[in-house]
Amino acid sequence: MKKRVVVTGMGLITPLGNDLDTFWANIKSKKVPFKPITYFDTSDYKVKLAAQVEDFNPLDYMDRKAAKRMEPFSQFAVAAAKQAIEHAGLELDKEDLTRIGVSIGSGMGSLDAIEREYNNIVNKGPRRVSPLFVPMMISNMAAGNVAITFGLKGKCTNVVTACATGTHSIGEAYRYIQYSDADVMLAGGTEAIITPTGIAGFSALTALSTSNNPLRASIPFDKERSGFVMGEGAGVVVLESLDHALARGATIYAEVGGYGSTCDAYHITSPSEDGEGAARAMLLAIEEGGIRPQDIDYINAHGTSTPVNDLHETRAIKKALKDHAYNINVNSTKSMTGHLLGAAGAVEFIVSVKSVLEDYIHATAGYEVVDEELDLNYTKEAESGKQVNNVISNSLGFGGYNGSLLIKKYVG
């Protein structure tokens, strides 16, 4: 018998705020935080805007020695994990730490460390490379540092599936609990690659918006969309078996009802044109949840604001839900956070949990000009007038990776 899995804690570091309450208030107010990049000189770059995390002090979450041994992507993960543990009321000194695991991924690890140490090689010679370069740079160190910080000795993994990383990390954590590999998992994603190579690389793919107008830079599903805005941050949730959560009297915010993971096997950057792979991921999650496609109330879409993604994801939604696709809300959190890459799916999962909690579906900020090929309800204005029982959160990653999570309103 598979165990039921519930969400009992949430934490995040984002361009929209560094705690759950601030983030959610800014989501509701349609705040657009895109500003000129300050981390490096963008004079020679076409892309000028990004969604940077502001007012983050790692010393609020760890001591100075630990902070110096972590790159920002790891710092963000530890901070979000600490928030999630506290939000869950999880008293670690009363738990069997061998039954608490970590599944937190990063799509890229630290490009900043690679750039910094390569410059040391070029300018100072190979002997000047930091002995901590590798353990600070590699992507699994977000999960590793969370486990070390909190003494979590259960299963510890990091999933790397590009922009689907956060979703797959949560999905795999869900599986671990279902099959009794863990009682509790800290799960999510983290990213921090607003760096010269990060911006230059995605610009070379023509994936980034070159708009200098923050209100027209990340505009998913809009006819004038031209690319995404690079973001950064982390989202981490506490997942528990229902039995474990009930035994300790935890507040339950939602239930994870299903998980679908597929591959397009089509192209290294583009989703399949007919949306078959993404549709199949959604249907797998729906089937596992024991509901019908027509029971879905809302889809938090991958919605990157690139011409190809938004069109192909729309086709996938219609392929999965058929005529019911026209009865639901679809939106994109990236219209306000930018694209958090490996952290995106985790932050959007948190948005989905809040949506079922409050029966609230946020607006897609910046959505103004209708694209004739995109004919669903992309939530131009926030929706608070209907019950939200079942939500699908989608993530699509380079290489053809598709991940869908079904979030259900918890019913005891």
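All residue numbers refer to positions counted from 1 along the written sequence of the respective chain. Only residues with pLDDT of at least 70 get local features here, since the model is predicted, and only at 80 or more are side-chain atom pairs given and counted; chain-wide, interface and lining totals rely on the full set of residues. Side-chain measures were taken over the full set of non-hydrogen atoms in the model, leaving aside hydrogen atoms and water.

**Student:** Talk me through the overall build of the protein chain; I want residue IDs and the actual numbers.
**Tutor:** Strands are runs of DSSP state E lasting at least two residues, helices are runs of H or I lasting at least four, and both sets are numbered from the N terminus onward. From N to C terminus, the protein chain includes 13 helices and 12 strands. Computed over its C-alpha atoms, the radius of gyration of the protein chain comes to 20 Å, within 12% of the 22 Å expected for a compact globule of 412 residues. In terms of its C-alpha atoms, the protein chain occupies a principal-axis envelope of roughly 65 × 55 × 40 Å. We call a residue buried when its accessible area falls under 20% of the maximum for its residue type, exposed when it is over 50%, and partly exposed in between, using a 1.4 Å probe and counting protein chains only. A burial count over the protein chain gives 61% of its 412 residues as buried. Summed over its atoms, the accessible surface of the protein chain is roughly 15,800 Å², and 51% of this surface lies on carbon and sulfur atoms. In this setup the radius of gyration rests on C-alpha atoms only. A globule is expected at 2.2 Å times the number of residues raised to 0.38. The Shrake-Rupley method, run with a 1.4 Å probe, gives the accessible areas here. Residue values count only the displayed protein chains as cover.

**Student:** Could you give an account of a nonpolar patch on the surface, naming the residues involved and the relevant values?
**Tutor:** Grouping into patches uses exposed residues only, defined as over 30% relative accessible area, and leaves out salt-bridged ones; the cut-off is 9 Å for like charges and 5 Å for nonpolar side chains (Val, Leu, Ile, Met, Phe, Trp, Tyr). Just to be clear on terms, a salt bridge is a Lys or Arg side-chain nitrogen sitting within 4 Å of an Asp or Glu carboxyl oxygen. Taken together, the side chains of Tyr-118, Ile-121 and Val-122 present a nonpolar region at the surface, about 300 Å² in accessible area. Assignment of secondary structure puts Val-122 in helix H4 (residues 111–124).

**Student:** Break down unusual backbone geometry for me, with residues and values.
**Tutor:** Glycine aside, negative phi is the norm for most residues, and most peptide bonds take the trans geometry. One non-glycine residue, Lys-30, adopts positive backbone phi at about 60°. The residue Lys-30 is located in the loop between helix H1 (20–28) and strand E2 (35–36) in this model. Look at Lys-30 and you get partly exposed, because its relative accessible area is 33%. One non-glycine residue, Ala-265, lies in the positive phi region at around 50°. On the accessibility criterion, Ala-265 (71% relative accessible area) is exposed.

**Student:** Before we move on, could you go through the pairing of strand E7 (residues 233–241) and cite the residues and values that matter?
**Tutor:** Burial runs high along E7: 9 of the 9 residues are buried. Burial along E7 is two-sided: Gly-233, Gly-235, Val-237, Leu-239 and Ser-241 facing one way and Ala-234, Val-236, Val-238 and Glu-240 facing the other are all buried. We treat two strands as partners when DSSP finds at least two bridges between them. Sheet topology places strand E1 (residues 5–13) next to E7; 8 bridges connect them, and they run antiparallel. Each residue of the ladder has a partner; that of Val-7, found in E7, is Leu-239. Of the pairings in the sheet, the one linking strand E6 (residues 184–191) to E7 comprises 8 bridges and is antiparallel in character. When the bridges of E7 are listed, Glu-191 appears paired with Gly-233.

**Student:** Any chance you could break down the pattern of salt bridges for me, citing the residues and the numbers?
**Tutor:** Evaluation of the coordinates by the stated rule reveals 25 salt bridges. Asp-375 is the partner of Lys-318 in a salt bridge, and the nearest nitrogen-oxygen pair spans 2.9 Å. Within this pair, whereas Lys-318 is found in helix H11 (residues 307–321), its partner Asp-375 is found in the loop between helix H13 (344–358) and strand E11 (390–397), the two being separated by 57 residues in sequence. On the basis of relative accessibility, which here comes to 24%, the residue Lys-318 falls in the partly exposed class. Classification of Asp-375 as partly exposed rests on a relative accessible area of 38%. Between Lys-409 and Asp-359 there is a salt bridge; the shortest N-O distance is 3.0 Å.

**Student:** Account for helix H7 (residues 165–178), with residues named and values stated.
**Tutor:** Take the number of residues in a helix, subtract one, and multiply by 1.5 Å to get its expected span. The end-to-end C-alpha distance of H7, which contains 14 residues, comes to 20 Å, matching closely the 20 Å that a straight helix rising 1.5 Å per residue would cover. Most of H7 is tucked away: 12 of the 14 residues are buried. Inspection of H7 places Thr-165, Gly-166, Thr-167, His-168, Ser-169, Ile-170, Gly-171, Ala-173, Tyr-174, Tyr-176, Ile-177 and Gln-178 among the buried residues, and these make up the whole buried set. One or two residues past the end of H7 sits Ser-180, with phi positive at roughly 65°.

**Student:** Before we move on, can you summarise the environment of Glu-95 with the specific residues and values?
**Tutor:** Structurally, Glu-95 is set in the loop between helix H3 (72–88) and strand E4 (100–105). Remark: the alpha-carbon pair of Glu-95 and Leu-152, spanning 57 residues in sequence, is separated by 9.9 Å. We call two residues in contact whenever any of their non-hydrogen atoms come within 4.5 Å of each other. For Glu-95, the residues in contact, after removing those within four places along its chain, are Leu-90, Ile-100, His-244 and Arg-248. Polar contact is the term for a pair of N or O atoms within 3.5 Å; when the atoms are in protein, one must be able to donate a hydrogen and the other to accept it, and sequence-neighboring residues count only if both atoms are side-chain atoms. Within the structure, Glu-95 has its side chain in polar contact with the side chain of His-244 (distance 2.8 Å).

**Student:** Go over the sheet that holds E7 with me, naming the residues and quoting the values.
**Tutor:** Hydrogen bonds between backbone groups are what pair the strands of a sheet, and the pairing can be parallel or antiparallel. One open sheet accounts for 10 strands, arranged E5-E4-E6-E7-E1-E8-E12-E11-E9-E10; its pairing is mixed. Edge strands, defined here as strands with exactly one partner in the open sheet, are strand E5 (156–157) and strand E10 (329–331). On top of the sheet, helix H10 (residues 276–288) reaches strand E8 (254–263), strand E9 (298–300), E11 and strand E12 (401–408); it is set at about 145° to E8, its chief contact. Here an axis means a line fitted to C-alpha atoms, over the contact stretch when the element is a helix, while the angle between two N-to-C directions is reported on a 0 to 180 degree scale.

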